[in-house]
Amino acid sequence: MTDLLSSPRLLGDGTTIAHRPDWAWLPPGAAPTDADLTRAGRQAEQLLAGHGVTYGADRADSDHHWRLDPLPVVVDEPEWARLDAALVQRAELLDAVLHDLYGARRLLDDRVLPPTAVLSHPGFLRPVDGLRLPGGRELVLTATDLVRDASGEWCVLADRTQAPSGAGYAMEDRRVVAQVLAPVYRQASIARLGPFFHALRKALVEVAPPTAGDAPRAVLLSPGPGSETAFDQAYLASMLGLPLVEGSDLVVRAGRLFLQGIDGLEPVDVVLRRVDAEWCDSLELRAGSRLGVPGFVHALRRGTVSVVNPLGASVLENPALLGYLPRLARAVLDQDLTLASAPTWWCGEERALRHVLGRLDRLVVKPTVHGPRTTTVLGWTLSVAEREELAARIAAEPWRWVGQEPVGPVLADDDGPRAAVMRTFAVAHAGTYTVMAGGLARVADDAVVTSSAGASAKDVWVLASQPAEPDAAVREDVAGAGGRAVGYGISPRAAENLYWMGRYAERAEDGVRVLRAVADRWDDYHRSPGSAGGRALEVLLTALTPAALADGAQAAQPADADAAHVVPRPPALRDLLLDQGTPGSVARAVRRLASSAATVRDQLSTDTFGPLARIERTLRDERTRVRARQQSGGGLDVGPVPPGSVTAGLRPTLDRVLESLLAISGIAAEGLTRDVGWHLLDAGRRLERAQRLVAMLQATLVVRRPGDVEDLLLESVLLAAESAITYRRRHQRGADVASVLDLLVHDRTNPRSLAFALDRLLADLEAVPAPRSAAQRDHLLHGVADLVAELDTVAVGNEVSEDGRRVRLADALGSMLWRLREASDEIERVHFVRPAPSRALDDLWGSTYGDPGEGGER
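What comes next is a walk through the structure. Because the structure is predicted, anything quoted here is derived from the model rather than measured. (Residues numbered from 1 in each chain as written. Predicted model: local features only at pLDDT ≥ 70, side-chain atom pairs only at ≥ 80, totals over all residues. Heavy atoms only, no water.)

Notes on the packing of aromatic side chains
For step 1, the next point in the chain: For the structure shown, the criterion picks out 12 aromatic pairs.
For step 2, the next point in the chain: Aromatic side chains Trp66 and Tyr169 sit 3.9 Å apart centroid to centroid with 5° between the ring planes, which places their arrangement in the stacked category. Taken together, the residues Trp66 in the loop between α1 (34–50) and β3 (68–75) and Tyr169 in helix α5 (residues 167–180) connect sequence positions 103 residues apart. Tyr169 shares its class with Trp66; the two are buried.
For step 3, the next point in the chain: Taking the centre distance of 5.7 Å and the plane angle of 85° together, the rings of Tyr499 and Trp500 count as edge-to-face. Trp500 matches Tyr499 in its accessibility class, with the two residues each being buried.
For step 4, the next point in the chain: Connected via pairs of aromatic rings, a cluster forms that spans Tyr55, Trp66, Tyr169, Phe231 and Tyr235.
For step 5, the next point in the chain: Looking at Arg148, its charged tip hangs above the ring of Trp154, at a distance of 4.0 Å from the centre.
For step 6, the next point in the chain: We note Arg503 situated over the ring of Trp500; from NZ or CZ to the ring centre the distance is 4.8 Å. (Phe/Tyr/Trp six-rings, centres within 6.5 Å; stacked < 30°, edge-to-face > 60°. Helix = DSSP H or I, 4+ residues; strand = E, 2+ residues; numbered from the N terminus. Buried < 20%, exposed > 50% of the residue type's maximum accessible area, 1.4 Å probe, protein only. Lys NZ or Arg CZ within 6 Å of the ring centre and 35° of its normal.)

Right, dumping it as structure tokens:
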């Protein structure tokens with residue numbers, strides 16, 4: 001096993017061993033064994049999944065799990081002290097360079113820096129020239145990617161100044177490793193990461209504009225849940241106590257930036273951005289951008305808002321600057337640069353161009369700006385023809401390219417070649433820079449380290465001579481003085497995602513309950529289609545799970561079956577559980593639930609993501625089991641389908657999924673503050689429950705069936721509505737339509753009843769500010785409540801038309817369902833600023849709610 005980043009160790013003969021893990025600093029017998037590390041790796045994987053840690057765009061077909069090697073990188077205290085000082089010097093140098101480039105530009109006038117290398121770089125933004133941050137520093141947050149060179153010394157590969165990512169991952173890695181290697185961690189004296197985040201909180205206060213007064217308000221601007229580092233952004237926002245916002249949540253009015261809260265505009269004083277600068281303003285930077293805020297640069301010019309890092313800071317990421325940093329340090333700081341960079345040549349200079357072209361087969365060739373046709377190239381991996389093509393491209397536009405010596409050992413172990421990079425972080429604080437005592441290390445089974453290609457992360461332990469004191473509680477608020485809390489409301493985007501999170505959670509839970517009821521009836525009666533149970537099963541399949549049938553009408557009849565009653569072909573009930581592509585499936589609802597939760601991670605308890613991960617793992621394991629069965633010849637969809645295989649093993653999977661869904665419900669009920677967001681989440685759940693309950697009653701009880709068939713249907717409905725035990729306790733003589741309707745429609749003590757759902761829904765909406773008139777919304781919901789109150793369950797249950805329909809019940813349920821659908825559209829219009837009405841629901845009952853093809857789903 002290789003270790004390319006930890007501090008080298010000396011053997012007894014004085015030679016060094018630089019690439020093996022070493023635990024000599026631990027007490028005797030405390031070092032972890034290989035078995036300990038294997039176990040820790042498995043536990044880390046489970047914890048990361050349970051915490052919802054991801055990297056990469058959140059797509060259903062992508063593997064975006066964060067990978068963590070529990071074996072930490074260990075750096076000695078003396079070596080880290082030297083590295084810390086060097087990183088502070090580097091940050092101060094880059095800050096001074098940034099200050100000059102958007103100010104006097106003496107470095108360009110004196111040719112210390114080639115003007116072409118800077119002014120041709122797209123990171124140099126002329127619209128922000130001359131703008132200054134309060135607080136004395138321009139570069140507030142910086143990250144540096146390091147490797148060890150062949151001699152074991154630290155060497156810089158790149159500086160990250162645009163919107164450095166990874167600090168949140170570093171803290172999450174630390175928490176996981178501290179848990180899975182607890183015996184080691186407890187005995188180690190390791191520097192803590194907390195002071196860095198405390199310094200970052202203070203830095204945001206220090207750069208606030210004078211208009212902010214003594215209580216500046218800060219937000220973290222994110223590109224959205226589709227960003228590769230969405231978890232990192234949400235985690236950092238939660239740690240700093242900042243609202244996680246997107247460009248659509250912000251607006252500029254009269255030269256000032258505001259958050260569009262659900263109940264009005266709220267001023268924003270500081271923006272910690274994770275959106276690249278050119279996308280931050282569609283008026284003055286990149287036309288057509290939807291990630292930023294039109295007028296953002298205007299607000300910066302007015303001095304009413306500060307942004308960290310400042311727009312234009314990405315000019316420092318230009319790799320062309322690496323070769324000039326030593327002379328910049330002497331010119332600006334009057335010091336020698338302590339931390340060397342990888343030898344780099346900018347091809348915009350003739351001598352450097354000749355050097356690079358003459359050594360293409362031995363250099364790493366990098367574009368000064370990455371694009372679709374300009375990516376990093378390892379020269380030694382190219383054929384002769386490919387090198388000739390690259391040389392021609394470089395010669396045509398030499399200012400766009402640099403050549404860099406490969407640095408850092410790429411060693412081979414039992415698993416193949418490995419390379420490693422460590423990212424460190426520094427933040428401007430108290431007149432200097434505070435460096436995170438650790439960082440984010442990444443190891444790859446390749447010569448290039450990228451998380452998108454599957455590199456594994458490592459925690460970085462900096463040994464300390466004194467035991468680390470617990471982090472002091474940060475009492476002061478990011479924007480508060482005298483203990484006064486300063487917070488924000490909730491944006492319409494976040495509000496909508498919480499509302500839909502509630503709906504998807506209820507949709508998934510209801511879907512599981514329906515599938516359990518249908519699967520139980522299938523197990524009991526699919527072999528006797530002519531019996532009362534067989535006919536009840538037929539109704540349940542066609543009324544509640546039509547998407548599971550090939551065409552809703554085909555039938556397969558056993559030889560001994562009654563010709564008058566047939567059971568449809570074995571349904572694909574598993575697809576309604578497992579297949580994300582099947583309309584109305586549980587898997588589809590769970591996927592959307594997870595996406596909604598990821599979007600509002602900063603609003604939720606971290607415990608929410610453990611049950612979500614268990615659901616996805618349960619569904620994935622069941623899919624694997626089904627595929628294995630199909631491949632072994634016992635397929636569910638190939639050739640004749642054994643009737644018993646339709647639901648074989650389905651119930652345990654349904655039970656496990658339901659258990660986790662109930663955990664999510666409990667966390668929301670008991671772990672979240674009763675604020676506007678919680679009321680919207682609960683409102684979504686109540687509305688979804690009301691709609692699905694009415695639709696189920698409409699699909700099963702409107703047509704009168706023979707007594708024994710109807711008894712089984714009523715029992716199935718009670719099971720699906722989680723009310724069977726209550727009903728049996730109250731009605732020992734058996735089920736009838738009127739008493740079932742009383743329990744499921746009228747009974748306000750039954751949390752599964754329509755009346756209970758409406759009461760909660762109306763109470764929730766009353767607690768939510770309404771930026772538009774809510775009269776029509778309330779009129780519709782009160783109309784449903786009136787219909788519930790007026791429903792004579794005995795009369796509608798007994799009054800049957802000549803064609804066997806309970807017409808008054810059908811009319812009442814149809815009117816309720818119509819009003820609930822319209823109320824759903826009104827909630828969207830009133831609270832979420834949607835120009836178009838909400839689309840049809842994707843549900844388990846297909847045409848019961850309307851054809852999903854007519855508008856799809858959210």
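Quick word on the packing of helix α19 (residues 676–701) against helix α20 (residues 707–720)
For step 1, the next point in the chain: Viewed as axis vectors pointing N to C, α19 and α20 meet at an angle of 170°, and their least axial separation amounts to 11 Å. Here α19 lies roughly antiparallel to α20, going by the angle between them. Of the residues in α20, those in contact with Met696, Leu697, Thr700 and Leu701 of α19 are Leu713, Leu714, Val717 and Ala720. (Axes fitted to C-alpha atoms, helices over the stretch in contact; angles between N-to-C directions. Parallel < 35°, antiparallel > 145°, perpendicular 65-115°, else oblique. Contact = heavy atoms within 4.5 Å.)

What to know about the pattern of salt bridges
For step 1, the next point in the chain: A complete count under the given rule lists 48 salt bridges for this structure.
For step 2, the next point in the chain: Among the salt bridges present, the one from Glu688 reaches Arg503, with a minimum N-O distance of 2.8 Å. You can see Glu688 sitting in helix α19 and its partner Arg503 sitting in helix α13 (residues 492–525), a full 185 residues away along the chain.
For step 3, the next point in the chain: Classification of Glu688 by relative accessible area gives buried; the value is 0%.
For step 4, the next point in the chain: Owing to a relative accessible area of 0%, Arg503 belongs among the buried residues under this scheme. (Salt bridge = Lys/Arg side-chain N within 4 Å of Asp/Glu carboxyl O.)

Section: the sheet that holds strand β6 (residues 218–221)
For step 1, the next point in the chain: Ordered in space as β7-β6-β11-β12, the four strands form an open sheet in which the pairing is parallel. Of all the strands in the sheet, the pair left with one neighbour each is β7 (244–245) and β12 (306–308).
For step 2, the next point in the chain: When β6 meets β7, the two strands line up parallel, connected through two bridges. Across the sheet, residue Leu220 finds its bridge partner in β7, namely Leu244. (Pairing = 2+ DSSP bridges.)

Let's talk about the pairing of strand β21 (residues 456–462)
For step 1, the next point in the chain: Within β21, six of the seven residues are buried, which leaves the element mostly enclosed by the surrounding structure.
For step 2, the next point in the chain: Across five bridges, the pairing between β3 and β21 is parallel. Paired with Val73 across the bridge in β21 is Val460.
For step 3, the next point in the chain: Across four bridges, strand β20 (residues 440–444) lies against β21 in antiparallel orientation. Counterpart to Val443 in the pairing with β21 is Ser456.

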